[in-house]
Amino acid sequence: MAPPSTTVRNQQLQVEQNLNPSTIIPGLPNDLAAIILIFVPYSHHSRLKSICKSWKHFYSSAKSVISLRQKHLPPFSVSPLLCLFPQDPLISSPYLFDARNLAWSPLPPMPCNPHVYGLCNFTSICIGYHLYVLGGSLFDTRSYPLDYPCPTNAVFRFDFLKLSWEILSPMISPRGSFACAAMPKRDKILVAGGGSRHAMFGAAGSRMSSVEMYDIVKDEWVSLDGLPRFRAGCVGFFVGSGEEEEREFWVMGGYGESRTVSGVFPVDQYYRDAVVMEMKNGGGKWRELGDMWEEGERWKLGKIVVVDDGPSESPAVFMLDRADIFRYKMASNSWIKETSLPRKISDESSVGFVALDGELHVMSHLNGVKSNECQRLGQQKRSATILLQIYHPRKKSWRSVTTKPPFRHPLDFKTAVMCTIRL
């Protein structure tokens, strides 16, 4: 039983909080209480809103919270977050995943359009405190035939300071499955190539070669010199340091023309090369690099991530090819084996690969069960656990963790879209 003095003090604090609901932590000044609460990882903020009215009011002011975190928290303590789109973002909310604290936090769903559905093969990218969703392929009830997918040029942006979505100026050319990268410190986004392929159709859809640059400040798109060839399913990133004129936009892999097997089954012809654009005067000409591997060495380019080692160093480019991770050597235009996964994955086609805080994260289902729609309910429940195998390129070491995602369905990494952000 608590001493009488303690009971009286608790009652006084309760009365004070009832009289002043803006008190964040009873007995502490609000400015000190605010500093204490900002040390809670960002991924836990949404669940802490249900503690009391004052905490809900505090954490709902995202602009103030993020400003305080930027002011008082050291950079190394700010967790890099993975923004993950498990399904069509028009009907399913994206999530933030904190790999350090193994916590999930939902984001509001994108603005809904009643005429379209099945959005996939879009690209997401984070710049500052904004999340961008660009393009993709979808079905439109206003088009004919109804079961034929078409690309979209829509662009959405989520503001983490306002916790709301907005619609931006659309791209000049509709596209999905394209290369995309943000120009560091220049408030610009480049997109290249793409097509109309939908996840429901394995080898169909158009290809394109057009390249565009988006000016975030002006909210407008401009056309640049197109790719040397039609290219879809490719990846893009920036290389170089210093001023804009010293940077290069790289586009790797992808597929172009297709051929048929026995005159019936279409098969993509994947590229083994890369093309580079020098960013002089806002965008120059393309130069083509030779093949990155010999014929027969591999079928196509694997999943690519880029680790930025700092403003003075070129980024490190890594590829996940089945159970092996390769590092790209720019001097020789080749891939060198870096390491192998310590735990093999049974379904190598459904694997997530992302770079977080300088480490490579390989995400897969813990029991290796394929996440298709024909699984029984019990199997879906067992396949919910995700295994993260994490590799540190500098330390040459592996570690692994597991997490339970909040989804009601198994996560399919073949269609899920991911990007990273620091908050």
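It should be noted that the structure appears before, not after, this text.
Please read all numbers here as calculations on a predicted model, not as lab measurements.

## Section: the packing of helix 2 (residues 30–38) against helix 5 (residues 62–72)
Helix packing for two helices is described by the angle between their axes and how far apart those axes are.
Next, step 1: Between helix 2 and helix 5, the shortest axis-to-axis distance is 10 Å and the interhelical angle comes to 80°. Looking at the two axes, helix 2 sits roughly perpendicular to helix 5. Between helix 2 and helix 5, the residues in contact are Ala34, Ile35 and Ile38 and Val65, Leu68, Arg69 and His72, respectively.
Next, step 2: Class assignment for the residues of the contact of helix 2 with helix 5 results in five nonpolar, one polar and one charged.

## As for the sheet that holds strand 21 (residues 303–307)
Next, step 1: Strand order across the open sheet formed by four strands is 21-22-23-24, with antiparallel pairing between neighbours. Each having just a single partner strand, strand 21 and strand 24 (334–340) make up the two edges of the open sheet. Strand-to-strand, the axes of this sheet are offset by a mean angle of 30°, without reference to chain direction.
Next, step 2: Of the strand pairs in this sheet, strand 22 (residues 316–321) and strand 23 (residues 324–329) are connected by four bridges, and their pairing is antiparallel. Bridging from a neighbouring strand, Met319 pairs with Phe326 of strand 23.

## With respect to the pairing of strand 1 (residues 80–85)
Next, step 1: With six of its six residues buried, strand 1 lies for the most part within the structure.
Next, step 2: Residues of strand 1 alternate between two faces, with Pro80, Leu82 and Leu84 on one and Leu81, Cys83 and Phe85 on the opposite face, all of them buried.
Next, step 3: Sheet topology places strand 1 next to strand 29 (residues 417–422); six bridges connect them, and they run antiparallel. Each bridged residue has a counterpart across the sheet, and for Phe85 the counterpart in strand 29 is Val417.
Next, step 4: Bridging between strand 1 and strand 2 (residues 95–98) involves four bridges; their strand directions are antiparallel. Considered in strand 2, the bridge of Leu84 is made with Tyr95.

## A short note on the environment of Ser173
Next, step 1: Residue position: Ser173 is located in the loop between strand 10 (164–167) and strand 11 (179–183).
Next, step 2: Given a relative accessible area of 18%, Ser173 falls into the buried group.
Next, step 3: When residues no more than four places from it in sequence are discounted, the contact partners of Ser173 are Asn153, Met208, Ser210 and Glu212.

## Focus: a nonpolar patch on the surface
Next, step 1: Together, Leu28, Leu32 and Ile36 line one region of the surface with nonpolar side chains, adding up to about 220 Å² of accessible area.
Next, step 2: Tracing the backbone through its elements, the reader meets Leu32 in helix 2.
Next, step 3: The partly exposed category is assigned to Leu32, whose relative accessible area is 39%.

## Some details on the packing of aromatic side chains
Next, step 1: Following the criterion strictly, the structure yields 17 aromatic pairs and no others.
Next, step 2: A centroid spacing of 5.4 Å and a plane angle of 20° characterise the contact between Tyr117 and Phe139, whose relative ring orientation is stacked. Of this pair, Tyr117 sits in strand 4 (residues 116–120) while Phe139 sits in strand 7 (residues 137–140), placing them 22 residues apart in sequence.
Next, step 3: By relative accessible area, which is 41% here, Tyr117 ends up partly exposed.
Next, step 4: Judged by its relative accessible area of 5%, Phe139 falls in the buried class.
Next, step 5: Site record: aromatic cluster; members linked through ring pairs are Tyr95, Phe97, Trp104 and Phe407.

## A closer look at the sheet that holds strand 9 (residues 155–159)
Next, step 1: Overall, antiparallel pairing links the four strands, which are arranged 5-6-9-10 in an open sheet. With partners counted over all chains shown, the strands left at the sheet margins are strand 5 (123–127) and strand 10, one partner each. Averaged over all adjacent pairs, the angle separating strand axes in this sheet is 20°, with direction ignored.

## Some remarks on unusual backbone geometry
Next, step 1: One non-glycine residue, Asp187, adopts positive backbone phi at about 55°.
Next, step 2: For Asp187, the location among the structural elements is in the loop between strand 11 and strand 12 (188–192).
Next, step 3: Its identity is not glycine, yet Asp357 carries a phi of approximately 55°, on the positive side.
Next, step 4: The topology assignment puts Asp357 in the loop between strand 25 (352–356) and strand 26 (359–365).

## Here's the deal with helix 4 (residues 53–60)
Next, step 1: Listed in full, the buried residues belonging to helix 4 are Ser54, Trp55, Phe58 and Tyr59. Here the buried residues of helix 4 occupy an arc of 120° about the axis, which is enough to place them on one side. Away from its buried face by more than 90 degrees, helix 4 exposes Lys53, Lys56 and His57.

About the thresholds
- Residues numbered from 1 in each chain as written.
- Predicted model: local features only at pLDDT ≥ 70, side-chain atom pairs only at ≥ 80, totals over all residues.
- Heavy atoms only, no water.
- Axes fitted to C-alpha atoms, helices over the stretch in contact; angles between N-to-C directions.
- Helix = DSSP H or I, 4+ residues; strand = E, 2+ residues; numbered from the N terminus.
- Parallel < 35°, antiparallel > 145°, perpendicular 65-115°, else oblique.
- Contact = heavy atoms within 4.5 Å.
- Nonpolar A, V, L, I, M, F, W, Y, C, P; charged D, E, K, R; others polar.
- Pairing = 2+ DSSP bridges.
- Buried < 20%, exposed > 50% of the residue type's maximum accessible area, 1.4 Å probe, protein only.
- Patch = residues over 30% accessible without salt bridge, like charges linked within 9 Å, V, L, I, M, F, W, Y side chains within 5 Å.
- Areas by Shrake-Rupley, 256 points an atom, 1.4 Å probe, with all protein chains shown as cover.
- Salt bridge = Lys/Arg side-chain N within 4 Å of Asp/Glu carboxyl O.
- Phe/Tyr/Trp six-rings, centres within 6.5 Å; stacked < 30°, edge-to-face > 60°.
- Arc of directions from axis to C-beta.

In short, geometric facts, not functional conclusions.
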